[in-house]
Amino acid sequence: MTLQPRPQLTAAVLTLALVLAPSLMAAQAPRLSDAEIAHIAVTANTIDVNMAKLAGSRASSDQVRGFAGTMITDHSAVNAQAAALAARLGVTPAPNPVSASLEASADSARAQLQALKGPAFDRAYIAREVGYHQAVLDALDNLLIPQSSNRELRELLESVRPAIAAHLEHARRLATSLGRGT
Amino acid sequence: MTSPLRGLALLLALPAAVAAGRAYRTPAPHTHEVLIQGFKFHPSTITVAAGDTLRFVNRDPVPHTATARDSTWDSGPIAPGATWAYVAPDTGDDAFFCRFHPVMLGRLQVR
């Protein structure tokens, strides 16, 4: 029996967990400290770097490998910025249920992807990246940026937003071309 | 000044006058700055004269490129904070993009 890839479902669960409606988020969203927000940001970046490394070794399409390379470069650069800011502010990133949920979802997605190869891997990886970047973008807008207290942390998150949006659009276009077989 | 000497003076001054006239009609090349920020080229459409310089400045925290769609010119990776200069050689209309982030698009018109 062929294992059906369900990274989109994993990403959808993540999206549901992190996004919801803004008003509902306000009522039920966890109240996060800057240390916890920093940990979520670093975790989110690290997850995508590691997933991209997997794609770099398994993807069959040059375009997908190129995308994965960009993910490694960009998310590593953002993590370096976040680490430097945390050090300057004397903030130690604090583990929390949101970052734990991100890691758990990533572990599940990774297990599903590792069972795939060839074009099936490419399509599943890019589909997962679409869902993941949409979830991260929504989390930035609805949770991380609004709840960050430190101005520099908020400015860093706001400066990262265009990168996430560009990655999302890039992944969407790749998903379309992979779906067409081009 | 006697007439022959006046004529000689005019003859000697003629090339300089012609050169000055040519210099007046041909403007000096300009440098145009294209800012790369927020994963966009600013401006995204730029019109320059042949011989002008485009100076791409990367203000983002990640590397970008400025690459002609027809591959006739390519900056290679422009690191965060770095610049890359390109002299537009001929008239034409080039679409360009970032190879790392192909959603970033620009258009160079050379007149």
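Asks: Explain the packing of helix α4 (residues 62–89) of chain A against helix α7 (residues 151–180) of chain A to me, and be specific about the residues and the numbers.
Replies: Residues and elements named next belong to chain A. Two elements in contact, α4 and α7, have axes whose closest approach is 11 Å; the angle formed by their N-to-C orientations is 170°. Taken together, the axes of α4 and α7 lie roughly antiparallel to each other. Residue composition of the contact of α4 with α7, grouped by class: 14 nonpolar, seven polar and three charged.

Asks: Any details on unusual backbone geometry? Residues and values, ideally.
Replies: All names here are of chain B. Of the consecutive residues H42 and P43, the connecting peptide bond is found in the cis state with omega at 0°. By the element assignment, P43 lies in the loop between β2 (40–42) and β3 (45–48). Although it is not a glycine, F39 adopts a positive phi angle of roughly 60°. As for its placement among the helices and strands, F39 is situated in the loop between β1 (31–37) and β2. When its relative accessible area of 6% is taken as the criterion, F39 is described as buried. The backbone phi angle of S71 is positive, close to 65°, even though this residue is not glycine. In this structure S71 comes out as exposed when scored by relative accessible area, which is 61%.

Asks: So what about the confidence of the model for chain A? Which residues, and what values?
Replies: Taken residue by residue, chain A gives an average pLDDT of 86. The fraction at 70 or more is 84%. Note on residues 1–27 of chain A: pLDDT is under 50 here. Beyond four places in sequence and across chains, it has 39 contacts.

Rules used throughout
- Residues numbered from 1 in each chain as written.
- Chains lettered and ligands numbered in written order.
- Predicted model: local features only at pLDDT ≥ 70, side-chain atom pairs only at ≥ 80, totals over all residues.
- Heavy atoms only, no water.
- Axes fitted to C-alpha atoms, helices over the stretch in contact; angles between N-to-C directions.
- Helix = DSSP H or I, 4+ residues; strand = E, 2+ residues; numbered from the N terminus.
- Parallel < 35°, antiparallel > 145°, perpendicular 65-115°, else oblique.
- Nonpolar A, V, L, I, M, F, W, Y, C, P; charged D, E, K, R; others polar.
- Buried < 20%, exposed > 50% of the residue type's maximum accessible area, 1.4 Å probe, protein only.
- pLDDT = per-residue confidence, 0-100.
- Contact = heavy atoms within 4.5 Å.

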